[in-house]
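Topology and contacts: notes
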Amino acid sequence: MSGATGATARRAPDKSRREPAATLPVARVAVDNPLPHLDRPFDYLVAESQSADCVPGCRVRVRFAGKLLDGFVLERVEKSEHGGRLAYLERVVSPEVVLTPEIARLARTVADRWAGSLADVLRLAIPPRHATVEKRPATGQDVATKSPRARPDKSLRQVREMLPGNWPRELATLAADVVASGRGVVAVVPDHRDLARLAQALADAVGADACVALAADLGPAERYRRFLRISRGEVRCVVGTRGAVWAPVDDLGLVVVWDDGDDLYAEPRAPYCHTRDVAVARAHLADAGCILAGHAVTAEGAALVESRWARAVAPDKSARTRSLPAIRAAGDDVDLARDPAARAARLPSLAWQATREALAADLPVLVQVPRLGYQVSLQCAQCRAAARCAVCAGPLQRTTADAAPACRWCGAPAAGWKCPQCSSTSFRAVVVGAKRTAEELGRAFPGAPVRSSVGDHVLGEVAAGRQLVVATPGAEPVADGGYGAALLLDGWALLGRDDLRAGEEALRRWLNAAALVRPAAAGGKVVVVAPGELRPVQALLRWRPGWHAARELEDRRALHLPPAARLAAVTGPPAAVSDLLAHCELPGVAEVLGPVPSPRRSNHEEPAERLLIRVPRRDAAQLATTLHAAAAVRSARKSPGAVRIELDPVVIG
DNA sequence: TCAATCCGTATC
DNA sequence: ATACGGATTGAC
């Protein structure tokens, strides 16, 4: 087939006439094969005619187990350790170096850390080839003009608390210093709006020609075009969403992660690695700087500080005084505003006053409301009391429109439910969503325009001037000149979510919204509707995200949860889960929790079970290794049932 | 004793 | 998936 025509040198030559390359005739290849028991390099012979193109990091096609597969050349060597006969590379796809030694090493480290296969990680790290794009020659600008410089001080490892203000500019300034020293920068952000802001700030600070922005939705041609600009050394500074953490920037000097608590950083594809942890591993291996910056601080950030890998950087008193808005708490249900329309909107008087004052000063007001999907709860149809589980008093919910109501906490079905107050037996669904909040606020503050930024209508920015802006967490627009006030109405999210990260997550959302408000000296006010004695509320009132993260880390340690411990979640058909566990050699201290039924279904709608295994951090590597080895035994035996292995999952579900 | 067949294992 | 080696079987 292919080689017979022999059109170009890259094609396999006539098979009868090919001979091994004169120098380094063996290529060690990472074959694109996801099976865990085949997760190692395989050696192939390089034909003399392929030798010039077959450079480390290039793409090749190889015959593997009878099939033609893609692969990457890891290195060229003199001879193979393999005892048997070597096959020739089927062909060298192109001499373009797409897997640099730095990324190859990082990918192996990440695969090991998350009990995954190298091939899975390489699929995250390297975009698919686009031949037309590749043919276009390098633009040639700025390639390899750098000269070796002194390495910047690697204490540039920071967990950095940011005050309200212009965070993109602050990060761009830090990046510009590194670029000026001749080294490269990779910065990651959770979503497109943050990307747009940081990309603009970086273009301003280091020049548009020196930067490239990466996002998952670019389309294959543009994605590969930008990837090549980076791998060819044409740009020194990369900013992007999740996947950009893998950008092969030459001579990496700094990795920046903005708002590392955002759950968009959890990779949904195997091996389910977290962008923050990939960034930390990358900085560590490349001996580069690392900055985890945000208005919030995660427990993982606190752990890096505690271990002295990173240094905590917090603003000083005068910067706080200059930047922070005045922040107050209003407990839910107490002291509702006297104004009847405000009462209808369930606004505490503190919130109502702050809103009135800001609008009177012709300033916009941000109203943060619960995200759609969280607020579907059930009430008694007659007396409107919240419907609670008869077994555990948890909230009742319907997971789909026609499902029977059940408890969100313990799963007990709510069949035969009777309202303890009025004995009614029927429910009503309450949806206190952004839309209704917007309508009610419009009535409470007649004359102020109401805009909303939710779901698929997210606003990037709003103009200065009198208006109410209703937004769900993460969708808050930036206001020109800052908001006069912010009302944080999703305080119940703290109480309503059983998730162990609920406190950290609520605080993160509040800080991010509050960071869009003008300083107190310019009249900025924040009112959070939540009990003031709760720890996350305290952390918001005093703006002490680092303090909160350190307490959170203490709690996780007491509960044996990540990042203080390492936790594996194993999900799949019951027989497969128990089979995998049987093949694990767990450290003696490992705790095995479960299995319990998992809400996640396996591919074929079989019921799935979930098992948790946790070990102290010192045994983390052994846990990952044995899980991967057990998966390898199962795949070698073609054991039935797909098992999903996640390490330190963000949500346990 | 040797070929045909089966099964488990490796896949370069 | 497919190829291969070793074990097993059955005919001479």
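Residues numbered from 1 in each chain as written. Chains lettered and ligands numbered in written order. Predicted model: local features only at pLDDT ≥ 70, side-chain atom pairs only at ≥ 80, totals over all residues.

Describing the packing of helix α9 (residues 299–306) against helix α17 (residues 545–558)
To characterise two packed helices, one gives the angle between the axes of the helices and the distance between these axes. Where α9 meets α17, the closest approach of the two axes is 8 Å, and the angle between their N-to-C directions is 90 degrees. As judged from the angle between their axes, α9 and α17 are roughly perpendicular. Across from A299, G301, A302, A303 and E306 in α9, the residues of α17 making contact are A549, A550, E552, L553 and R556. In the contact of α9 with α17, the residues fall into six nonpolar, one polar and three charged. (Axes fitted to C-alpha atoms, helices over the stretch in contact; angles between N-to-C directions. Helix = DSSP H or I, 4+ residues; strand = E, 2+ residues; numbered from the N terminus. Parallel < 35°, antiparallel > 145°, perpendicular 65-115°, else oblique. Contact = placed C-beta atoms within 7 Å. Nonpolar A, V, L, I, M, F, W, Y, C, P; charged D, E, K, R; others polar.)

Some remarks on the protein's contact with DNA strand B
As a matter of local geometry, DNA strand B sits amid H37, L38, F42, D43, Y44, F64, A65, S80, H82, L86, A87 and A636. By residue number, the principal contributor to the surface near DNA strand B is strand β2 (residues 42–45), which donates three residues. Across the surface near DNA strand B, the residue classes break down as eight nonpolar, three polar and one charged. (Near = placed C-beta within 6 Å.)

Re the environment of Q467
With respect to the element layout, Q467 can be found in strand β21 (residues 467–471). Considered as a pair, Q467 and L612 are 145 residues apart in the sequence and their alpha carbons are 48 Å apart. Ignoring sequence-local partners within four residues, the contact set of Q467 consists of P364, A448, P449, R451 and V462.

Section: the sheet that holds strand β14 (residues 364–368)
Strand order in this open sheet of six strands is β13-β24-β23-β14-β21-β19, and the pairing throughout is parallel. The sheet terminates laterally at β13 (326–329) and β19 (450–453), the two strands that pair on one side only. Sheet twist, expressed as the mean angle between neighbouring strand axes with direction ignored, is 15 degrees. Sheet topology places β13 next to strand β24 (residues 525–528); four bridges connect them, and they run parallel. Of the residues in β24, the one forming a bridge with A326 is K525. Contacts from helix α12 (residues 349–360) reach β13, β14, β23 (485–488) and β24, with the element oriented near 155 degrees to β23. The sheet contacts of helix α15 (residues 502–514) involve β13, β14, β23 and β24, and relative to β23 the element is tilted by about 165 degrees. (Pairing = 2+ DSSP bridges.)

A short note on the domain arrangement of chain A
Taken as a whole, chain A is organised into domain 1 (18–132), domain 2 (133–318), domain 3 (320–554) and domain 4 (565–647). At the junction of the two partners, domain 1 supplies 26 residues and domain 2 supplies 24 residues. Broken down by secondary-structure element, the contributors of at least two residues to the side of domain 1 that touches domain 2 are α2 (101–113), α3 (118–125) and α4 (131–135). Looking at which element gives the most residues to the side of domain 1 that touches domain 2, the answer is α2, with eight residues. Here the side of domain 1 that touches domain 2 is built from residues that sort into 14 nonpolar, six polar and six charged. (Domains from an automatic or database assignment.)

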